[in-house]
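# Topology and contacts: notes
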Amino acid sequence: MQLQPSRNLYVETYGCQMNVGDTEIVVSILQREGYVPTETLDNADVVLLNTCSIRDNAEQRIWGRLVELRRYRRRKRGMLVGVIGCMAERLKEELLQGEDAVDVVAGPDSYRDLPRLLAQGGGANTLLSSEETYAEILPVRKEGVGAYISIMRGCDNYCSYCVVPYTRGRERSRDPHTILREARELFDRGYREVTLLGQNVNSYKPDFPDLLRSVAEISPLLRVRFATSHPKDLSDKLIETIAEVPNICRSIHLPAQSGSTRMLERMNRKYTREHYLEIVDKIRKKLPDASISTDLIAGFSGETKEEHEETLSLMREVGFDSAYMFKYSERPGTLASRQMPDDIPDPVKTARLSEIIALQNELSAASNAKDVGKTFEILVEGVSKRSDAQLYGRTSQNKVVVFDRGGVRVGDYATVKVTGSSSATLKGVLRKNVQ
Ligand code: SAH
Ligand code: SF4
Ligand code: F3S
């Protein structure tokens, strides 16, 4: 602790779940130094934006926010503003210059240095590490039903369109003992679901299925999820482990990116359309009730109309339960930006993306309609946004079910029968309180 009055810390988090987890680590590091987390900007002495660089619009949003913060700072002398996360790593120099310059810049591997940077009133550290996993730092989490646990950092895959290997550095796995200890503590504190996070969890070392099983063995009442799996590394052992352990959720996020083998090759994804479909077949055989979700990119360099249609046909063939869908955004420094022209006109990208989204809406609606009449065990997560009289929970397949309150509370498991559906959610009625 430093001998100075307590300083209020406000963090805004953008980007993926990894950033959500990192914010919890940053808060933990700074809390130990006497900073007090606050929920509003109004009484903040330090404001940190934990940022994302995955697409240009993610960065534009941050630049816009920095303009707002500049105006705000004029009225609040002494407030420090910092940018951390992926954009800090990518744009260190630019963030420190010009009208909207920030005081502190810290990349994803230099969060232990934040107390020093803040104490000296500013500075930058964007060194990437091949070892840092923040393994022993206990993240500061809000109370809740579910929590994220980062099990690895970085990425070595170098998909040609992707900035992550440059902003997050080399892939490294966190010591399994610290992961298990953290999961056990979360369960003891009342959490009922943990999601193991990494850019490509199935390349976790020494072995991802073993880790998954050990976490699930903490208690049958602890649900375990994971994200993201790369199709090239999805092993039979992983599918078998899920099949054998009931509290590993029946939901696999398997980003396809494209349905065209030529596009996949240009994207450096290291699998073909056929290989992807074979994996899906295996999942369907061994885990017939599992949901499969995906990520898709529209309008990558050189994508022809036919290749775009292959993405649509892959979607139909698999029948994805849900998807995250994006327009290709060229990222400086990536292989694609150096060697593959961003040559699909924006209106064409937009039209292709709209087709993909419209099709996915149909597929999601069809997938949800199939659940009507079935009974699911759900974990109750909260009060419905629409009505206080309703709660919502999630099925093992990661679908949201909304139902009228009965005797159940948030954090309980409950059995619901699905009575209705839309493309976004399921409606259900409570059967009995499982426990
Ligand atoms: N590690 C994960 C993905 C992390 S990024 C994986 O490999 O599956 C999340 C998603 O953003 C990617 O799956 C991809 O669909 C999308 N994405 C990444 N870079 C992009 C870019 N330059 N333009 C558009 N979408 C992109
Ligand atoms: Fe990016 Fe590919 Fe790594 Fe995912 S696996 S983070 S898409 S480089
Ligand atoms: Fe995540 Fe965005 Fe970085 S998706 S890893 S915060 S570039």
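Everything discussed here concerns the structure shown above.
Anyway, here's the lowdown on the structure attached to this text. (Residues numbered from 1 in each chain as written. Chains lettered and ligands numbered in written order. Predicted model: local features only at pLDDT ≥ 70, side-chain atom pairs only at ≥ 80, totals over all residues. Heavy atoms only, no water.)

## Quick notes on the overall build of the protein
As a reminder, the rule being used: Numbering of helices and strands runs from the N terminus, with a helix taken as a DSSP run of H or I at least four residues long and a strand as a DSSP run of E at least two residues long. Here the globule rule reads 2.2 Å times residues to the power 0.38, and the radius of gyration is calculated from C-alpha atoms. We call two residues contacting when some pair of their heavy atoms lies within 4.5 Å. Using the Shrake-Rupley algorithm and a 1.4 Å probe, accessible areas are obtained, with residue cover drawn only from the displayed protein chains. In summary, the charge assignment counts Lys and Arg as positive and Asp and Glu as negative, without counting His or the chain termini. The atom standing in for a charge is NZ when the residue is Lys, CZ when it is Arg, CG when it is Asp and CD when it is Glu.
Within the protein one finds 13 helices and 19 strands. Taking 435 residues into account, the globule formula puts the C-alpha radius of gyration at 22 Å, and the protein, at 22 Å, falls close to it. Excluding contacts between residues fewer than 6 apart, the proportion of contacts in the protein whose partners are at least 24 apart in sequence is 70%. Carbon and sulfur atoms make up 49% of the accessible area of the protein, which amounts to about 19,000 Å² in all. Counting 62 positive and 61 negative side-chain charges, the protein places the averaged centre of each group 3 Å from the other.

## Comments concerning the sheet that holds strand 5 (residues 104-106)
Counted only if it meets this: Strands were regarded as paired on the criterion that DSSP finds at least two bridges between them. With axes taken as lines fitted to C-alpha atoms, and helix axes fitted only over the stretch in contact, angles between N-to-C directions fall between 0 and 180 degrees.
Strand order in the open sheet formed by six strands is 2-1-3-4-5-6, with parallel pairing between adjacent strands. Unpaired on one side and paired on the other, strand 2 (35-37) and strand 6 (123-125) mark the two borders of the sheet. Taken pair by pair, the neighbouring strands of this sheet meet at an average axis angle of 20 degrees, ignoring direction. In this sheet, strand 5 lies alongside strand 4 (residues 80-85) in parallel orientation, the contact comprising three bridges. Residue pairing in the sheet places Gly82 in a bridge with Val104 of strand 5.

## Side note on the pattern of salt bridges
Pairing between side chains becomes possible if they bear opposite charge and their charged atoms approach one another. Worth spelling out the cut-off: For this document, the term salt bridge refers to a Lys or Arg side-chain nitrogen within 4 Å of an Asp or Glu carboxyl oxygen. Residue burial is assigned from relative accessible area. The probe radius is 1.4 Å, only protein chains are included, and a residue is buried under 20% of its type maximum, exposed over 50%, and partly exposed in between.
Evaluated as defined, the whole model comprises 36 salt bridges. A salt bridge links Asp22 to Arg168; the shortest N-O distance between them is 2.9 Å. Within this pair, whereas Asp22 is found in helix 1 (residues 17-31), its partner Arg168 is found in helix 5 (residues 164-168), the two being separated by 146 residues in sequence. Residue classification places Arg168 among the buried positions, given a relative accessible area of 3%. One salt bridge connects Arg112 with Glu136, and the closest N-O pair in it is separated by 3.0 Å. Placement of the pair is Arg112 in the loop between strand 5 and helix 4 (114-119) and Glu136 in the loop between strand 6 and strand 7 (146-150), with a sequence separation of 24 residues.

## Things to note about the site of ligand 1
Selection rule: Proximity is defined per residue: any heavy atom of the residue falling within 4 Å of a molecule or strand makes that residue near it. By the criterion applied in these results, polar contacts are pairs of N or O atoms within 3.5 Å in which, for protein atoms, one can donate a hydrogen and the other can accept it, and in which residues neighboring in sequence qualify only through two side-chain atoms. Side-chain classes follow a simple rule in which Ala, Val, Leu, Ile, Met, Phe, Trp, Tyr, Cys and Pro form the nonpolar group, Asp, Glu, Lys and Arg form the charged group, and the remainder, Gly included, forms the polar group.
The local shell around ligand 1 holds 15 residues, among which Gln199, Pro255, Gln257, Asp295 and Ser329 are the closest. In the environment of ligand 1, a nitrogen atom lies 3.1 Å from a nitrogen or oxygen atom belonging to the backbone of Tyr161. Residue Arg269 places a side-chain N or O atom 3.4 Å away from an oxygen atom belonging to ligand 1. Burial of ligand 1 by the surrounding chains reaches 90%, relative to a free accessible area of 540 Å². Put simply, the parts of the chain that give the shell around ligand 1 at least two residues each are strand 13 (291-298) and strand 14 (322-327). Its residues placed into classes, the shell around ligand 1 shows six nonpolar, four polar and five charged.

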